[in-house]
Amino acid sequence: MKIATFNVNGIKTRLPNLLEWLEREQPDVACLQELKGLDAAFPEDALRGAGYEAIWKGQRSWNGVAILARGHKPVPIRRELPGDPADEQSRYLEAAVDGVVIACLYLPNGNPQPGPKFDYKLAWFERLIAHAATLYASGHPVVIAGDYNVVPTDFDIYNPRSWRKDALLQPETRACYQRLLDQGWVDAIRHLHPDQAIFTFWDYFRQHWDRDAGLRIDHLLLNAAAQPALVGAGVDRWVRGQAHASDHAPAWVDLAGGRLAQARPAAPAKRRRTT
DNA sequence: ATGGCATATCCTATATGA
């Protein structure tokens, strides 16, 4: 079961690139961010033609998230991150696909910092940390996938020097991400590739893609119920090299179906009874 | 400190992104 996350930076403009990626890589689940369009503009028919059913939450001009699943519609769980009813930005979707809980997020960028946008980022992060604790303990396999707008360590960027004041590298930002990991979540790509510099984003400036001057900011976090099924993780870098590409490339995990079946909520109860 | 590029919309100017 291949679960991917891809910040498309405008689904209307990016549709040809998105369809080519889906056809070539055939992810079972795809979390999308930065749709940058209203609900009515979502290309439901084109995606269905490619074999994907979807749920989505759009917004004019900015933000917007979607969850795609090959062959059948994701079962919606919630359409907003709990904790602030006044928050109207479309940044969170949660659904079940084949017994796996999929959370798709687009965490606020936070620039410039300090300032109200950075405050909003940290407040949003606090809400995520609170909700993630509930998800972690649900007993179901859970994957929280998306654009976290966090460079976890200096190893996750080509060169931190010119980014030192950026919201993505701030100690407060990194501390929030670490608090998620401290709950037990595993950063799948870093877990399977501990010694490799891996990037998911290359900005459009200064030929950063040509120079492979990237950042790793798109992550897939797995709870304890999902971790035993983890058999692969990576980045579809070729997508970033295509014409008219998004500034992000898709990141993904591969979960073994058989091991997921063993992770269903009934299994731990049986183990407890036998000990 | 600014700008490099790309996307969107109240579109030839401005806000946002990371």
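Shown above is the structure to which this text applies.
Everything quoted here is computed from the prediction, not taken from an experiment.

Undergrad: Report on the nonpolar core, specifying residues and quantitative values.
TA: Counting 82 residues, the largest nonpolar core has Ile-3, Ile-67, Ile-102, Val-143 and Leu-220 as its most contacted members. For this core, the leading source of residues is strand S7 (residues 100-106), giving 7 residues. Setting aside chain neighbours within four positions, we find Val-143 in contact with Ile-3, Val-100, Ile-102, Leu-220, Leu-222, Ala-226 and Val-253.

Undergrad: Please give an account of helix H1 (residues 11-25) that cites residues and values.
TA: The terminal C-alpha atoms of H1, which comprises 15 residues, lie only 18 Å apart, well short of the 21 Å expected from a rise of 1.5 Å per residue. At Asn-17, H1 shows its largest kink, close to 35°. For H1, the full list of buried residues reads Ile-11, Arg-14, Asn-17, Leu-18, Trp-21 and Leu-22. Buried residues in H1 make contact with strand S2 (29-33) and strand S3 (52-57). Backbone geometry just downstream of H1 places Gln-26 in the positive-phi region, at approximately 50°.

Undergrad: Mind laying out the pairing of strand S8 (residues 142-147), listing which residues take part and the relevant values?
TA: Burial analysis of S8 places 6 of its 6 residues in the buried class, which makes it a mostly covered element. Inspection of the sheet shows S7 paired to S8 by 6 bridges, in the parallel sense. Along S8, the bridge assignment pairs Ile-102 with Val-143. In terms of handedness, the path from S7 via helix H3 (residues 116-136) over to S8 forms a crossover that is right-handed. With 5 bridges joining them, S8 and strand S10 (residues 218-222) adopt antiparallel strand pairing. Bridge pairing in S10 links Gly-146 to His-219.

Conventions used here
Residues numbered from 1 in each chain as written. Chains lettered and ligands numbered in written order. Predicted model: local features only at pLDDT ≥ 70, side-chain atom pairs only at ≥ 80, totals over all residues. Core = buried A, V, L, I, M, F, W, Y, C linked by C-beta atoms within 7 Å. Buried ≥ 20, exposed ≤ 12 C-beta atoms within 10 Å, placed from the backbone. Helix = DSSP H or I, 4+ residues; strand = E, 2+ residues; numbered from the N terminus. Contact = placed C-beta atoms within 7 Å. Expected span 1.5 Å × (residues − 1). Bend = angle between axes of the 7 residues up to and from the residue. Pairing = 2+ DSSP bridges. Right-handed = clockwise from strand over helix to strand, strands pointing away.

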